[in-house]
Amino acid sequence: MTLQKHLATLIALMMPPNATIAKTTCCIIGGGPAGIMLGFLLARSGIEVAVLEKHNDFFRDFRGDTIHPSTLELMYELGLLDKLLAIRHSELRRASICVGDQIVTMADLSHLPTHAKFVALMPQWDFLNFLASEAYQFPSFKLRMGWEATGLMHHNGATTGVIANTPNGAVEIPATLTVGCDGRHPTSREAAHLPLIEEGVPIDVLWFRLSRSPDDPENGLGYVNYGHFLVLINRLDYFQIAFLIPKNGFEKMQQQGLESFQQSIAQVVPFLANRVAEIDSWDKVKLLTVQVNRLSQWSSPGLLCIGDAAHAMSPVGGIGINIALQDAVATANLLTEALQSNSLTPHHLQHVQQYRERAVHNTQRFQVFAHGVLNRVLNNPAPVKLPLSLRILTSIPGFKYLTARFIGMGLQPEHIKTRPA
C-alpha cells in the first residue's frame, strides 16, 4: 500500500503542469467507501478505472466505523470476508439503548439471513486500506492519492473527464464516465450544477474519544438522560463517542466551559466519570455538522453521483457507509456491461437513480423522524424514564428482528452480479 502511494506521487511529480494523462474508462472522484468499492468492482471486471483521493491517506477519525451485515455479505460474495475479519475489530450482535437507568434491546441481529450476523466495528481507514489493497491486484485499477478534483471537463454539454490538482500542478483526466463519490461538499455535483433538496436537521454531533477498560459494559446504540444522547463505539482500546447537541449549539456549549461538558458526559454515562479529564482541550472535540439532503437528479451526460454526493445521510443508525456501498454495487451491476461495450448512454445513468432512489429516500424519511424524537430528548434536561410506549413496542414479537433487518441490511440490500474479467 505504501509503495503504491509512493509510486503515484513519483508519477505525479514527473508530470508537467496542465498535462493530460491517459484516457480512462471511468474516473471516480473520492476515495471513500463508495469510490473504492466501485473502483474495485469495475477493475475486477476489466474496466480501466482511476480513483482520485485528495488526501494522502485514509486516516480521518470522523468517518463511520460500522460495517453492517449487508456489507459483510458483499465481502463474503467476493470471497474476502474471512480476510477482512482477520483485521482487528469488535462485533455487535445486539443493539441496545440505556434510557435513564434501564437498558432495552432494540435489535437482535442473530436471525439475519447473512453469513455474518453482527455489525463489525472497525475504523474506516482499516476497511478502506483493505479494500484498496485488494483492488491493486487488478491491472486496470489506479488509485491516485493526493489528487484533488477541482473541476470537470466538458464537451457539447457532456462531462468528458476531470481536472485535478496533483503535487506537480493541474492535470486533465479524460474519461468516458465520471462518478462523483466525493462526500457532502462535492466538486462533482457543484461543477455540474445538479439540483439539491435539503431536509431540515435539528441536531449536530460532537466527536471525541475516551479510553476504554476491558470490563466496561457493552452497548450498541447509546445512553439517554438529562437532555443528552451519547453513542459509544467500541474501538477496543478506546471509545469513539458521538455526543448529540442541538443544531448550532456547539458555541454555547463552549461558553459554558469544558468542565461543564465533562460533567454532562459523566452524568449520562457514570462509568466514564473517572476518565472525562482526558478531554482537556476543545481541540480534542470535533464538530460534525449533520446534513440530510438528496439530489433530485443524480446524473447528467457523462456524470453520475452516488453515496453522500447524491444523498447525505444522518449518522442515525450508522448506516450511511452501507448505503454508499450499496449504491456502488448497484452502479457496477447496472453499468459494467455498457462500459465494457462502450455503449453507455444517459439512460443508463438515470437507471441507477431510478433503481436506488426509493430505498434511499425512505431511509432518509426514517432518519428525519428519528431527528424529531432526538430533538425532544435534547430539549428535556430532566431525568428520564423508559417510556411505556417503548416498553410495549420492544415487547412485540418480531420487533427486534425487524429493526435488526432495517439496521443490518437496509431497505434494499444489494448483491454482487458482476463477474471477474
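If you're wondering where the values come from, they're calculated on a predicted model, not measured in any experiment. (Residues numbered from 1 in each chain as written. Predicted model: local features only at pLDDT ≥ 70, side-chain atom pairs only at ≥ 80, totals over all residues. Heavy atoms only, no water.)

What to know about the pairing of strand 19 (residues 292-295)
Burial along strand 19 is two-sided: Val292 and Arg294 and Asn293 and Leu295, pointing in opposite directions, are all buried. Where strand 13 (residues 196-199) and strand 19 come together, 4 bridges link them in antiparallel fashion. Paired with Glu199 across the bridge in strand 19 is Val292. (Buried < 20%, exposed > 50% of the residue type's maximum accessible area, 1.4 Å probe, protein only. Helix = DSSP H or I, 4+ residues; strand = E, 2+ residues; numbered from the N terminus. Pairing = 2+ DSSP bridges.)

Observations regarding the layout of surface pockets
Roughly 350 Å³ of internal volume is contained in the second largest pocket. Put simply, the parts of the chain that give the lining of the second largest pocket at least two residues each are strand 17 (238-246), helix 7 (250-256) and helix 8 (258-268). Per-element accounting of the lining of the second largest pocket gives the leading share, 4 residues, to strand 17. Of the residues assigned to the lining of the second largest pocket, the class counts are 9 nonpolar, 8 polar and 1 charged. (1 Å grid on protein atoms, 1.4 Å probe; cavity = no way out; pocket = protein on both sides within 12 Å on 5 of 7 lines; lining within 4 Å. Points joined across faces, edges and corners; volume = space filled by probe spheres on them. Nonpolar A, V, L, I, M, F, W, Y, C, P; charged D, E, K, R; others polar.)

A short note on a nonpolar patch on the surface
A contiguous nonpolar patch, built from Leu388, Ile392, Leu393 and Ile396 and spanning about 360 Å² of accessible area, is present on the exposed surface. Along the chain, the position of Leu388 falls in helix 11 (residues 388-395). Leu388 gets classed as exposed once you look at its relative accessible area, which sits at 53%. (Patch = residues over 30% accessible without salt bridge, like charges linked within 9 Å, V, L, I, M, F, W, Y side chains within 5 Å. Areas by Shrake-Rupley, 256 points an atom, 1.4 Å probe, with all protein chains shown as cover. Salt bridge = Lys/Arg side-chain N within 4 Å of Asp/Glu carboxyl O.)

Concerning the packing of helix 2 (residues 33-44) against helix 9 (residues 320-340)
Where helix 2 contacts helix 9, the axes come no closer than 8 Å and their chain directions differ by 30°. In terms of axis orientation, helix 2 runs roughly parallel to helix 9. In the packing of helix 2 onto helix 9, the handedness of the crossing is right-handed. Within the contact between the two elements, helix 2 uses Pro33, Ala34, Met37, Leu38, Leu41 and Leu42 and helix 9 uses Ile321, Ala324, Leu325, Ala328, Val329, Thr331, Ala332, Thr336 and Leu339. (Axes fitted to C-alpha atoms, helices over the stretch in contact; angles between N-to-C directions. Parallel < 35°, antiparallel > 145°, perpendicular 65-115°, else oblique. Left-handed = near helix turned anticlockwise from the far one by under 90°. Contact = heavy atoms within 4.5 Å.)

Side note on the pattern of salt bridges
Applying the stated criterion across every chain, the model contains 11 salt bridges. In this structure, the salt-bridge partner of Asp308 is Arg184, at a minimum N-O distance of 3.3 Å. One end of the pair, Asp308, is in the loop between strand 21 (303-305) and helix 9; the other, Arg184, is in the loop between strand 12 (169-180) and helix 6 (187-192), and 124 residues separate them in sequence. Residue class for Arg184 comes out partly exposed when judged on its relative accessible area of 25%. Among the ionic pairs, Glu414 bridges to Arg356, the shortest N-O distance being 3.0 Å. You can see Glu414 sitting in the segment after helix 12 (399-409) and its partner Arg356 sitting in helix 10 (residues 346-378), a full 58 residues away along the chain.

Details of the confidence of the model for the protein chain
For the protein chain, per-residue confidence averages 91 on the pLDDT scale, and residues scoring 70 or more make up 94% of the total. Across residues 5-15, where pLDDT falls below 50, the model places 17 contacts with residues more than four positions away in sequence or in other chains. (pLDDT = per-residue confidence, 0-100.)

Remarks on the nonpolar core
Grouped together as the largest cluster of nonpolar side chains are 78 residues, with contacts concentrated most on Met75, Phe127, Phe141 and Leu143. Residue contributions to this core peak at 9 residues, all from helix 9. Each residue touching Phe141, except ones within four places of it in the same chain, is listed here: Gly39, Phe40, Ala43, Val49, Val51, Ala132, Ala135 and Tyr136. (Core = buried A, V, L, I, M, F, W, Y, C linked by side-chain atoms within 4.5 Å.)

Quick look at the sheet that holds strand 5 (residues 90-92)
Reading across the sheet, the 3 strands line up as 4-8-5 and stay open at both edges, with antiparallel pairing between neighbours. At either end of the open sheet lies a strand with only one pairing partner, and these are strand 4 (66-67) and strand 5. Two elements, strand 4 and strand 8 (residues 119-121), share 2 bridges in a ladder whose sense is antiparallel. Paired with Ile67 across the strands is Ala120, a residue of strand 8.

Quick notes on the pairing of strand 2 (residues 24-29)
Where a strand is regular, its side chains alternate between the two sheet faces. By the criterion of burial, strand 2 is predominantly enclosed, with 6 of the 6 residues buried. Note that strand 2 and strand 12 share 5 bridges and pair parallel. Each bridged residue has a counterpart across the sheet, and for Thr24 the counterpart in strand 12 is Ala175. The pairing of strand 2 with strand 3 (residues 49-53) spans 4 bridges and is parallel. Looking at strand 3, one finds that Cys27 is bridged to Ala50. Assessed by its sense of winding, the connection that carries the chain from strand 2 through helix 2 to strand 3 is right-handed. (Right-handed = clockwise from strand over helix to strand, strands pointing away.)

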